[in-house]
Amino acid sequence: QYVNSTVIGLPVCTDCTQELIQYALRGVDSIFRTGYRFKKAGVVLGEIRPVDHVQADLFDTKDRDSSKRIMETLDRINARMGSGTLKYAAEGLDKPWGMRVERRSPRYTTRWEELPLVRA
């Protein structure tokens, strides 16, 4: 059995999925050990702040305006064409796994299709 974790600090606040994926993959690379199968993995975001209320890094070379336009375009297409129409290759094409939801609480406060029906 092997258990590990890592913490990666971001140099600048970001809401860019592409950048967050790069940091997550960097974290996975740092804790990966050959010969062990992953049973569970996750990413925890801490110290969340609005991206426009934080001082930028003087040495940040990322084109933040371009990243913002790309994210807005992806969100707009996925809103119009359906969630998951466009996605990042890091998500993979096939997902042979699925979440275990047999013990999930009812979601009728947030899902119309799960509202209980009353019959007369």
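As the structure is a prediction and not an experimental result, all values here were calculated from the model.

Caption draft 1: Structural detail: the side chain of S67. Along the polypeptide, S67 turns up in helix α2 (residues 64–81). Owing to a relative accessible area of 11%, S67 belongs among the buried residues under this scheme. The residues contacting S67, other than those within four sequence positions of it, are C16 and K62.

Caption draft 2: Main features of helix α1 (residues 17–31). In a regular helix each residue adds 1.5 Å, so 15 residues correspond to 21 Å; α1 covers 21 Å between its end C-alpha atoms and thus fits that length. Three or more residues of α1 are buried, namely E19, Y23, G27 and I31. Buried residues of α1, viewed axially, fall in a sector of 110 degrees; they line one side. Its buried side turned inward, α1 meets α2.

Criteria and cut-off values
Residues numbered from 1 in each chain as written. Predicted model: local features only at pLDDT ≥ 70, side-chain atom pairs only at ≥ 80, totals over all residues. Heavy atoms only, no water. Helix = DSSP H or I, 4+ residues; strand = E, 2+ residues; numbered from the N terminus. Buried < 20%, exposed > 50% of the residue type's maximum accessible area, 1.4 Å probe, protein only. Contact = heavy atoms within 4.5 Å. Expected span 1.5 Å × (residues − 1). Arc of directions from axis to C-beta.

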